[in-house]
Amino acid sequence: MKEISKFYAKITFLSFLDSLRFRLNIIFVEEKVPQEKDSFKLHFFATKMAATLTFLLISSLLQGALCGTFNVSMPQNINVLRGSCVTIPCSFDVDSRFEKYLDDTCKAYWNDSPSFTSENAKLKPTKEITGDLTKKDCTTTFNNASLLQRSKYYFRLECDNALKYSFKQAGVDISLIDDPPSLTLTPSTLEVKEGTSVSLTCSAPAPCWSHPPALTWSPNLGQSQETLQENQDKTKVKTSVMSFTASHLHHGNKISCTAVYQKQDGSPDVTAETSLTPDISYSPKNITVSVSPSGPVPENSNVSLTCSSNANPAVRNYTWYRADGDQETFIGTGTSLNIQVSRDTQSFFCNAENEIGVGRSSSIQIDVQYSPKNITVSVSPSGPVPENSNVSLTCSSNANPAVRNYTWYRADGDHESLIGTGTSLNIKVSRDRRTFFCNAENEIGVGRSSSIQIDVQYSPKNITVSVSPSGPVPENSNVSLTCSSNANPAVRNYTWYRADGDQETLIGTGTSLNIQVLRNRWTFFCKAENEIGVGRSSSIQIDVQWSEIYYGLYSGVVRWVLAGVFFSVSVICAACLCKLRKNVKPKEEDRTYMTLSGRTVSSSEYDVINTAPKSQ
């Protein structure tokens with residue numbers, strides 16, 4: 001089968017060479033030469049050259065196809081950490097005539113001189129530390145590099161048959177080192193914008209394949225993946241790839257990769273390290289506002305606000321804003337801002353901008369101190385309260401620092417009396433319309449509330465009746481009676497009564513009552529009523545004056561008047577008898593009374609002038 005493969009390979013190369021010769025002929029033939037003779041010579045030369053090249057290539061092919069050669073491939077040099085193991089990658093080829101001798105009896109030997117045998121070889125590895133020689137793999141691992149010397153080592157193959165050969169064509173330079181090999185970090189520099197996906201690769205030579213170095217990242221910014229990769233010269237390198245997203249937190253902070261090499265001779269492990277410092281571009285971060293002077297400041301003081309931030313590249317513009325609820329007002333630019341503060345000072349913030357973007361600080365509210373303001377007194381329960389009720393007065397105010405003392409006062413005209421302390425005061429109210437106020441005090445000063453008057457409701461009090469005209473009045477004079485009182489709420493109804501001994505007769509309503517006085521010594525009083533209750537005045541007796549002479553002069557007239565009255569009474573009695581016969585009872589509205597102040601007064605105490613019974 002192997003011979004058939006070689007035959008097909010030879011045919012393939014011959015076809016390739018024939019094609020190459022044809023192409024060379026074409027190139028030379030198509031060359032434009034001014035003289036025909038030169039053209040002929042060039043064509044002849046090209047033909048000869050193509051034939052020679054064909055012969056050389058065929059000879060080389062036949063030599064390779066008919067017989068293989070002894071050859072070895074290994075790195076030119078390997079750095080070995082003293083006290084550690086080392087793996088020498090190695091592959092070889094033998095003359096085709098000896099390939100049949102490659103079997104399990106073959107062994108690999110190493111020496112620091114090209115001419116040696118198994119007896120004088122310095123390194124005699126076992127099968128466990130060599131590659132598969134039957135597959136022409138002479139890779140060898142030496143677990144203790146201290147057995148090696150700084151020299152060039154050669155490979156020899158010996159089998160328990162005719163195959164014994166020292167490969168003098170190539171050797172490997174072994175260099176013993178005390179310090180671990182240098183690491184490689186890719187990329188060596190990192191300049192990216194925040195948010196970019198980044199992959200860093202750390203590579204460490206692995207002279208010993210069975211004990212490669214352990215790689216660690218500091219800080220560990222993301223997931224890492226380790227592999228053992230092969231170089232072109234068959235040596236290996238341990239790689240670790242760490243992937244992460246660039247952040248402003250990484251800017252200027254060293255990222256390092258460390259390789260730990262274990263030694264097999266019992267000596268301490270050694271480490272190697274490589275690092276880079278990333279340059280991350282990002283918009284302003286960690287924006288803060290500082291106030292000078294710091295701490296509480298008195299009202300109307302001047303303060304300086306300073307905006308600072310972290311940014312890469314540096315901030316090129318600072319802007320200042322005042323926040324009033326959801327309303328934000330631009331008030332200035334620059335790193336610092338000078339303002340005068342008041343107790344109504346709102347909160348402030350700044351924006352910082354660079355080429356990447358804009359960032360905003362948190363809002364800051366300046367601690368402005370002032371004496372108590374907007375001091376108010378509230379009453380609970382609110383609104384009108386009944387007389388003798390218990391109410392709670394509460395004093396409140398705006399102050400910074402907080403109020404440390406509240407004091408309560410009752411104002412009686414210009415006189416102010418201290419009545420208590422504390423935020424709240426419980427009192428029992430009366431109808432006396434006194435006012436109350438409170439004082440609020442902190443470390444800055446004292447403030448006073450407006451006076452408050454509690455709406456105390458009570459039934460009518462201090463009810464009095466006044467007569468106009470005052471003093472004695474002649475008989476049959478018209479006088480006006482007026483009822484007055486103190487009440488809250490106001491009186492809604494006044495009623496008038498006439499007292500005859502124990503008999504009290506309603507004679508009218510309203511604040512005033514007009515009557516015609518007689519010499520009967522009746523007394524009068526009024527009642528005042530509101531939603532709370534009813535109050536009664538003292539009785540008053542009008543001083544009615546008359547004269548007996550007055551009646552003597554007119555005695556004749558009086559007799560006529562009495563006769564008329566007698567006649568009228570007789571008529572009335574006759575009328576009453578008629579009604580009785582007809583079983584008719586006069587109704588109340590059929591009566592007519594004498595009037596007081598032009599009003600009809602329904603009272604049985606007045607004389608009936610006449611009756612006009614309605615027909616049935």
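## Concerning the overall build of the protein chain
Part 1 of the reasoning: A count of helical and extended segments in the protein chain gives four helices and 45 strands.
Part 2 of the reasoning: Per-residue burial for the protein chain yields a buried fraction of 36% across its 616 residues.
Part 3 of the reasoning: Looking at the protein chain alone, contacts between residues at least 24 apart form 64% of all its contacts between residues at least 6 apart.
Part 4 of the reasoning: For the protein chain, the accessible area works out to roughly 36,100 Å², and carbon and sulfur atoms hold 50% of it.

## So, the sheet that holds strand β5 (residues 107-111)
Strands in a sheet are paired, the pairing made by backbone hydrogen bonds, and the direction either parallel or antiparallel.
Part 1 of the reasoning: The mixed open sheet is built from four strands, whose spatial order is β2-β8-β7-β5. Whereas interior strands pair on both sides, the edge strands pair on one side only; in this sheet they are β2 (77-81) and β5. The sheet shows a mean angle of 35° between the axes of neighbouring strands, direction not considered.
Part 2 of the reasoning: In the sheet, β2 pairs with strand β8 (residues 164-177) via five bridges, with the strands oriented parallel.

## Considering the packing of aromatic side chains
Part 1 of the reasoning: Scanning all chains against the criterion turns up 13 aromatic pairs.
Part 2 of the reasoning: Between phenylalanine 70 and tyrosine 165 the ring centres are 4.0 Å apart and the planes differ by 15°, which places this aromatic pair in the stacked class. Separated by 95 residues along the polypeptide, phenylalanine 70 in the loop between α2 (36-66) and β1 (71-73) and tyrosine 165 in strand β8 bring together distant segments of the chain.
Part 3 of the reasoning: By relative accessible area, which is 18% here, phenylalanine 70 ends up buried.
Part 4 of the reasoning: Relative to phenylalanine 167, the ring of phenylalanine 155 has its centre 5.4 Å away and its plane inclined at 20°; by these criteria the two rings are stacked.

## Some details on the environment of threonine 509
Part 1 of the reasoning: Among the structural elements, threonine 509 can be located in strand β38 (residues 503-509).
Part 2 of the reasoning: Using a relative accessible area of 42% as the deciding quantity, one classes threonine 509 as partly exposed.
Part 3 of the reasoning: Separated by 14 residues in sequence, threonine 509 and threonine 495 have C-alpha atoms that sit 4.2 Å apart.

## What to know about the nonpolar core
Part 1 of the reasoning: Core analysis: the largest hydrophobic core is formed by 27 residues, its most contacted members being Phe92, Trp110, Phe155 and Leu157.
Part 2 of the reasoning: Elements with a contribution of two residues or more to this core: β2, β3 (86-88), β5, β7 (151-158) and β8.
Part 3 of the reasoning: Counting residues per element, this core draws most heavily on β8, at four residues.
Part 4 of the reasoning: Core analysis: the second largest hydrophobic core is formed by 22 residues, Leu190, Leu200, Val270 and Leu276 among them.

## Brief notes about the state of the cysteines
Part 1 of the reasoning: Summed over the entire model, instances satisfying the criterion amount to seven disulfides.
Part 2 of the reasoning: Each sulfur of the disulfide joining cysteine 106 and cysteine 159 lies 1.8 Å from the other. Between cysteine 106 and cysteine 159, the disulfide has an S-S torsion of 105° and is therefore right-handed. Here the residue cysteine 106 occupies a position in the loop between β4 (91-93) and β5, and cysteine 159 occupies one in the loop between β7 and β8, the gap between them amounting to 53 residues. In this pair, the class of cysteine 106 matches that of cysteine 159, namely buried.

## Side note on empty space enclosed by the protein
Part 1 of the reasoning: Tallied over the full model, the rule gives one cavity of 30 Å³ or more.
Part 2 of the reasoning: Taken as a whole, the largest cavity encloses approximately 70 Å³ of empty space.
Part 3 of the reasoning: The wall of the largest cavity is formed by Leu81, Ser84, Cys85, Pro207, Cys208, His211, Tyr261 and Gln262.
Part 4 of the reasoning: Grouping the amino acids of the lining of the largest cavity by side-chain chemistry returns five nonpolar, three polar and no charged.

## Here's the deal with the pattern of salt bridges
Part 1 of the reasoning: Per the counting criterion, the structure on display carries 20 salt bridges.
Part 2 of the reasoning: In this structure, lysine 136 and glutamate 99 form a salt bridge, with 3.0 Å as the shortest nitrogen-oxygen distance. Of this pair, lysine 136 sits in the loop between β5 and β6 (140-142) while glutamate 99 sits in the loop between β4 and β5, placing them 37 residues apart in sequence.
Part 3 of the reasoning: In this structure lysine 136 comes out as partly exposed when scored by relative accessible area, which is 23%.
Part 4 of the reasoning: Through salt bridges that share partners, Asp93, Glu99 and Lys136 make up one connected network.

## Section: the side chain of threonine 319
Part 1 of the reasoning: The residue threonine 319 is located in strand β20 (residues 317-324) in this model.
Part 2 of the reasoning: A relative accessible area of 13% means that threonine 319 is categorised as buried.
Part 3 of the reasoning: When residues no more than four places from it in sequence are discounted, the contact partners of threonine 319 are Phe330, Gly332, Thr333, Phe349, Cys350 and Asn351.

## Details of the side chain of asparagine 442
Part 1 of the reasoning: The residue asparagine 442 is located in the loop between β31 (435-441) and β32 (446-448) in this model.
Part 2 of the reasoning: Engagement of the side chain of asparagine 442 in a polar contact is seen with the backbone oxygen of proline 401, the distance being 2.9 Å.
Part 3 of the reasoning: Residues within four places of asparagine 442 in sequence aside, it is in contact with Tyr370, Ser371, Pro372, Ala399, Asn400, Pro401, Ala402, Val403 and Arg404.

## Concerning the pairing of β38
Part 1 of the reasoning: Where strand β37 (residues 493-500) lies against β38, six bridges are found, and the strand directions are antiparallel. Across the sheet, tryptophan 496 pairs through a bridge with glycine 508, a residue of β38.
Part 2 of the reasoning: Connecting β37 to the next strand, β38, in antiparallel fashion are two residues, including glycine 501 with a positive phi near 70°.

## Let's talk about the sheet that holds strand β22 (residues 336-340)
Part 1 of the reasoning: Read across the sheet, four strands follow the order β10-β17-β19-β22 without closing on themselves; strand pairing throughout is mixed. The open sheet has two free edges, formed respectively by β10 (191-193) and β22, since each of these has just one partner strand. In this sheet, adjacent strand axes meet at a mean angle of 35° when their direction is disregarded.
Part 2 of the reasoning: Two elements, β10 and strand β17 (residues 279-292), share three bridges in a ladder whose sense is parallel. Residue pairing across strands places glutamate 191 opposite aspartate 279, the latter belonging to β17.

## Describing the pairing of β22
Part 1 of the reasoning: Side chains of β22 alternate between two faces, with Leu337 and Ile339 buried and Ser336, Asn338 and Gln340 left unburied.
Part 2 of the reasoning: Taken together, the five bridges between strand β19 (residues 302-312) and β22 define a ladder with antiparallel strand orientation. Bridge pairing in β22 places leucine 305 opposite leucine 337.

## Quick word on the confidence of the model for the protein chain
Part 1 of the reasoning: Per-residue confidence for the protein chain gives a mean pLDDT of 81; residues scoring 70 or more make up 77%.
Part 2 of the reasoning: Predicted confidence is poor over residues 550-555, with pLDDT under 50, and the contacts of this stretch with residues over four places away or in other chains come to three contacts.
Part 3 of the reasoning: Scored below 50 in pLDDT, residues 584-616 shows 39 contacts in the model against residues more than four places distant or in partner chains.

## What to know about unusual backbone geometry
Part 1 of the reasoning: With omega at 5°, the peptide bond leading from asparagine 312 into proline 313 counts as cis.
Part 2 of the reasoning: For proline 313, the position within the fold is in the loop between β19 and β20.
Part 3 of the reasoning: Note that the residue after serine 380, namely proline 381, is joined by a cis bond; omega there is 0°.
Part 4 of the reasoning: By the element assignment, proline 381 lies in the loop between β25 (368-380) and β26 (385-386).

Rules of the game
- Residues numbered from 1 in each chain as written.
- Predicted model: local features only at pLDDT ≥ 70, side-chain atom pairs only at ≥ 80, totals over all residues.
- Heavy atoms only, no water.
- Helix = DSSP H or I, 4+ residues; strand = E, 2+ residues; numbered from the N terminus.
- Buried < 20%, exposed > 50% of the residue type's maximum accessible area, 1.4 Å probe, protein only.
- Contact = heavy atoms within 4.5 Å.
- Areas by Shrake-Rupley, 256 points an atom, 1.4 Å probe, with all protein chains shown as cover.
- Pairing = 2+ DSSP bridges.
- Axes fitted to C-alpha atoms, helices over the stretch in contact; angles between N-to-C directions.
- Phe/Tyr/Trp six-rings, centres within 6.5 Å; stacked < 30°, edge-to-face > 60°.
- Core = buried A, V, L, I, M, F, W, Y, C linked by side-chain atoms within 4.5 Å.
- Disulfide = S-S within 2.5 Å.
- 1 Å grid on protein atoms, 1.4 Å probe; cavity = no way out; pocket = protein on both sides within 12 Å on 5 of 7 lines; lining within 4 Å.
- Points joined across faces, edges and corners; volume = space filled by probe spheres on them.
- Nonpolar A, V, L, I, M, F, W, Y, C, P; charged D, E, K, R; others polar.
- Salt bridge = Lys/Arg side-chain N within 4 Å of Asp/Glu carboxyl O.
- Polar contact = N/O pair within 3.5 Å; in protein donor to acceptor, adjacent residues only side chain to side chain.
- pLDDT = per-residue confidence, 0-100.

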